[in-house]
Amino acid sequence: TPTVVFDNVTFGYEPGRTILNGLSFEVPAGSTTAIVGPSGAGKSTIGRLLFRFYDPQGGRVLVGGEDIVRVTQDSLRAQIGIVPQDSVLFNESLAYNIAYGAEGADMDVVEQAARDAALMPLISRLPDGFDTLVGERGLKLSGGEKQRVAIARTLVKNPPILLLDEATSALDTRTEQEILGTLKRLEEGRTTIAIAHRLSTVADSDNILVLDHGRLAESGTHSALLAKG
Ligand code: ADP
Ligand code: ADP
């Protein structure tokens, strides 16, 4: 399980407008670090740099001790599983969606991922199980069910690194609590970065970074942050 390190990272999308200003933090192997902060603080940008949608203009991002600009894109992306806020599903079967469009995926792997994402109650209710079309013929998944499909899709790769980018922010409180419980189990043994809007949803993270204008305003456990006020 690799460590993730941001070492003095500076980044902007446009010249003259810096989004991350010399940001440094470390996510120890197998632990969960949450990133919270106001909208526009740069939280999602951190995920995009980790996934190498963009490269930093200063500093380095290290995965397992290695600068990610020196790792092939394929091997980097094979290590990182992303669960975004609004997952877009293919207009195809659940199995196809979980396999992320991989035809002829190993059904044992797909089914195990569905179990891990707690999707089996849904699948057992569907007339044709995995064969059921998503989005067609009037079958509508709820927001929570869609997120569970997205989680299963991420788990198919068994990634050692998880990037949860507001994974539960769009859900109602009860569904959010259920899915947070599922995610908690899945974080075990993985190095996790959980981007969140509200501190309460990431209270049990090993470390919480409070980001403001691309800088670390505070960091610590939930109780330490509350003690600071
Ligand atoms: P957060 O996730 O904390 O809400 P983001 O990382 O998405 O913040 O965005 C940080 C800042 O970068 C925002 O001001 C946003 O407008 C800007 N930004 C995000 N994506 C782009 C882009 N592709 N081009 C230009 N500016 C962007
Ligand atoms: P935004 O639309 O929030 O500005 P970007 O356009 O920069 O974000 O990034 C594309 C989006 O696609 C990201 O939010 C990411 O979650 C999603 N995405 C890209 N590749 C993958 C992938 N392999 N697995 C899951 N989600 C992905």
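Overview of the structure.

Procedures and definitions
- Residues numbered from 1 in each chain as written.
- Chains lettered and ligands numbered in written order.
- Predicted model: local features only at pLDDT ≥ 70, side-chain atom pairs only at ≥ 80, totals over all residues.
- Heavy atoms only, no water.
- Core = buried A, V, L, I, M, F, W, Y, C linked by side-chain atoms within 4.5 Å.
- Buried < 20%, exposed > 50% of the residue type's maximum accessible area, 1.4 Å probe, protein only.
- Helix = DSSP H or I, 4+ residues; strand = E, 2+ residues; numbered from the N terminus.
- Contact = heavy atoms within 4.5 Å.
- Near = heavy atom within 4 Å.
- Polar contact = N/O pair within 3.5 Å; in protein donor to acceptor, adjacent residues only side chain to side chain.
- Areas by Shrake-Rupley, 256 points an atom, 1.4 Å probe, with all protein chains shown as cover.
- Nonpolar A, V, L, I, M, F, W, Y, C, P; charged D, E, K, R; others polar.
- Phe/Tyr/Trp six-rings, centres within 6.5 Å; stacked < 30°, edge-to-face > 60°.
- Lys NZ or Arg CZ within 6 Å of the ring centre and 35° of its normal.

**A closer look at the nonpolar core**
Point 1. Core analysis: the largest hydrophobic core is formed by 35 residues, its most contacted members being Leu-94, Ile-98, Leu-119, Phe-130 and Ile-151.
Point 2. Those elements that place two or more of their residues in this core are β3 (32–36), α3 (94–98), α4 (107–116), α5 (120–125), α6 (143–155), β7 (161–165) and α7 (173–187).
Point 3. Counting residues per element, this core draws most heavily on α6, which supplies four residues.
Point 4. Ignoring sequence-local partners within four residues, the contact set of Leu-119 consists of Ile-98, Ala-114, Glu-145, Arg-148, Val-149 and Ala-152.
Point 5. With 26 residues, the next largest nonpolar core counts Val-9, Phe-25, Leu-49 and Val-61 among its residues.

**A short note on the site of ligand 1**
Point 1. Around ligand 1 lies a shell of 14 residues, among which Arg-17, Gly-40, Lys-43, Ser-44 and Thr-45 are the nearest.
Point 2. The contact in question runs from an oxygen atom of ligand 1 to an N or O atom on the backbone of Gly-40, over 2.7 Å.
Point 3. Contact between ligand 1 and Gly-42: an oxygen atom at 2.9 Å from a main-chain N or O atom of the residue.
Point 4. Coverage of ligand 1 by the protein chains reaches 68% of its 560 Å² of free accessible surface.
Point 5. Looking at the shell around ligand 1 residue by residue, the classes come out as five nonpolar, five polar and four charged.

**Notes on the packing of aromatic side chains**
Two descriptors summarise a pair of aromatic rings, namely the distance from one centre to the other and the angle between the planes of the rings.
Point 1. The full count for this structure, using the stated rule, is seven aromatic pairs.
Point 2. Ring geometry for Phe-6 against Phe-25: centres 4.7 Å apart, planes inclined by 10 degrees, an arrangement best described as stacked. With Phe-6 in strand β1 (residues 4–11) and Phe-25 in strand β2 (residues 20–27), this residue pair connects regions lying 19 residues apart in the sequence.
Point 3. Phe-6 gets classed as buried once you look at its relative accessible area, which sits at 1%.
Point 4. Between Phe-90 and Tyr-100, the ring centres sit 6.0 Å apart and the planes meet at 50 degrees, which makes this aromatic pair tilted. Here Tyr-100 lies in the loop between α3 and α4 and Phe-90 lies in the loop between β6 (80–83) and α3, a separation of 10 residues in the sequence.
Point 5. Following the ring pairs from residue to residue traces out a cluster consisting of Phe-11, Tyr-13 and Tyr-54.
Point 6. If you follow Arg-153 out to its NZ or CZ, it ends over the ring of Tyr-100, 4.7 Å from the centre.

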